[in-house]
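# A structural walkthrough
One letter stands for each residue in the lines below.
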Amino acid sequence: MILPLPDTLSGIARVRFSILRVDYAAPEASGRQGGVQAGFPVWGARMELDRIDADSADLWQAFVDRMRGRIRRFYCHDTARDLPLAHRFGMTDLTRAGGGAFDGSASSWSQAIDSDDNANVTLGGLPAGFSIAVGDYIGFKWDASGAASDTFERRTMMRAVLPATANASGQAVVTAEPPLDTALVPSGAVAHFDKPSCVMQLVPEESQLSPVGEGGTIAGGAVIGVQDLRP
């Protein structure tokens, strides 16, 4: 079972999405700090809560309860950037360069790693002039069989580290982190810009809601998650 975040996001005062890496240092006598990557990075989320009304407090407590520690998983997105910066008020009025309404998803995508080890994702089927800012997310969703369907149990995302703009043909090349593990993310996955998210598990020992105050309100707390990336 993969659960959504609470229906109301009331109370999230601060959010931080970080790329978590497992790297090994390899320092040399010359002073050079070498490093070796162990596996692909995953996302970590920290949602700090503050001044939660009584109804929202109940929803957050129920969400934590339903996670059953690390047993269940949830879909998590960066609530501070759930749409591209240039289109933060919505994308419903946009049209694909080749014609047709733009629903927030690219019609095609591919990843190439350049000589400097940068991950460059080529996206097709975007509106001409579609703007992608530094910090915008690109989501990828697919089902357990590796295809697009009405049920997207698998999700991951990457974050743009350089700006990009779609050309007149609706194609854009975006440099983003972390690189996609294409052994896990199938070619049939859908690349999209509408609320990109990933599947996470709760970190129960770091997640805590403050005691309930007068009127059922909660003064603060934090919900911490780590990505569960699987094929």
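Above this text sits the structure in question.
Below, the structure is looked at part by part.

Calculation notes
- Residues numbered from 1 in each chain as written.
- Predicted model: local features only at pLDDT ≥ 70, side-chain atom pairs only at ≥ 80, totals over all residues.
- Heavy atoms only, no water.
- Helix = DSSP H or I, 4+ residues; strand = E, 2+ residues; numbered from the N terminus.
- Rg over C-alpha atoms; globule rule 2.2 N^0.38 Å.
- Buried < 20%, exposed > 50% of the residue type's maximum accessible area, 1.4 Å probe, protein only.
- Core = buried A, V, L, I, M, F, W, Y, C linked by side-chain atoms within 4.5 Å.
- Contact = heavy atoms within 4.5 Å.
- Pairing = 2+ DSSP bridges.
- Axes fitted to C-alpha atoms, helices over the stretch in contact; angles between N-to-C directions.
- Phe/Tyr/Trp six-rings, centres within 6.5 Å; stacked < 30°, edge-to-face > 60°.
- Patch = residues over 30% accessible without salt bridge, like charges linked within 9 Å, V, L, I, M, F, W, Y side chains within 5 Å.
- Areas by Shrake-Rupley, 256 points an atom, 1.4 Å probe, with all protein chains shown as cover.
- Salt bridge = Lys/Arg side-chain N within 4 Å of Asp/Glu carboxyl O.
- Expected span 1.5 Å × (residues − 1).
- Arc of directions from axis to C-beta.
- Disulfide = S-S within 2.5 Å.

Further remarks concern the overall build of the chain. When its secondary structure is counted, the chain shows one helix and 17 strands. Since a compact globule built from 231 residues should have a radius of gyration of about 17 Å, the 19 Å found for the chain is in line with a globular shape. The principal-axis extents of the C-alpha atoms in the chain amount to approximately 60 × 55 × 35 Å. Within the span of the chain, comprising 231 residues, buried residues form 42% of the whole.

We now examine the nonpolar core. Of all hydrophobic cores here, the largest spans 26 residues; its most connected members are Leu123, Leu126, Phe130 and Phe140. Secondary structure elements with two or more residues in this core: β8 (119-124), β10 (137-142), β11 (154-160) and β13 (172-177). For Phe130, the residues in contact, after removing those within four places along its chain, are Pro84, His87, Met91, Leu94, Phe102, Ala164, Thr165, Ala166 and Phe193.

Within a sheet, each strand pairs with its neighbour through backbone hydrogen bonds, oriented either parallel or antiparallel. On the basis of which strands lie adjacent, the open sheet formed by six strands has the order β7-β8-β13-β11-β10-β14 and antiparallel pairing. Sheet topology places β7 (108-113) and β14 (190-192) at the edges, where each strand pairs with a single neighbour. In this sheet, adjacent strand axes meet at a mean angle of 35° when their direction is disregarded. Where β8 meets β13, four bridges bridge the pair, whose relative direction is antiparallel. From the neighbouring strand, Leu123 faces β13, where its bridge partner is Ala172.

Applying the stated criterion across every chain, the model contains eight aromatic pairs. Summarising the aromatic geometry, the rings of Trp60 and Phe63 are spaced 6.0 Å apart at their centres and angled 90° between planes, so their arrangement reads as edge-to-face. Pair noted here: Trp60 and Phe63 are both in helix α1 (residues 54-67), with a separation of three residues, about one helical turn. Assessed through its relative accessible area of 4%, Phe63 is described here as buried.

Quick look at a nonpolar patch on the surface now. Judged by side-chain polarity, Val22, Tyr24 and Val36 come together as a nonpolar surface patch covering roughly 310 Å² of accessible area. Within the secondary structure layout, Val36 lies in strand β4 (residues 33-37).

Evaluated as defined, the whole model comprises seven salt bridges. A salt bridge links Asp136 to Arg81, with the shortest nitrogen-to-oxygen separation between them at 2.5 Å. Here Asp136, found in the loop between β9 (131-132) and β10, pairs with Arg81, found in the loop between β6 (73-77) and β7; they are 55 residues apart in sequence, far enough to count as distant. Accessibility expressed as a relative area gives 0% for Asp136, which makes it buried. It is possible to trace a salt-bridge network through shared partners that takes in Arg14, Arg46 and Glu48.

For the bond from Glu177 to Pro178, the omega torsion is -10°, close enough to zero to count as cis. Mapped onto the elements, Pro178 comes out in the loop between β13 and β14. Phi is positive for Arg51, close to 55°, though the residue is something other than glycine. Of note, Arg51 is situated in strand β5 (residues 42-52).

Okay, α1 next. Note that an α-helix has 3.6 residues per turn; residues three or four places apart therefore point the same way. Taking 1.5 Å per residue as the helical rise, α1 with its 14 residues ought to reach 20 Å, and the 20 Å between its terminal C-alpha atoms agrees with that figure. Of the positions making up α1, those classed as buried are Ser56, Ala57, Trp60, Phe63 and Met67. End-on view of α1: buried residues confined to an arc of 125°, all on one side of the axis. Exposed side of α1, more than 90 degrees from the buried face: Asp55 and Asp58 are the residues found there.

In this structure the tally under the stated criterion is zero disulfides. With no disulfide partner, Cys76 has as its closest neighbouring cysteine sulfur the one in Cys198, 6.2 Å distant. Take Cys198: its relative accessible area is 0%, and that puts it in the buried class.

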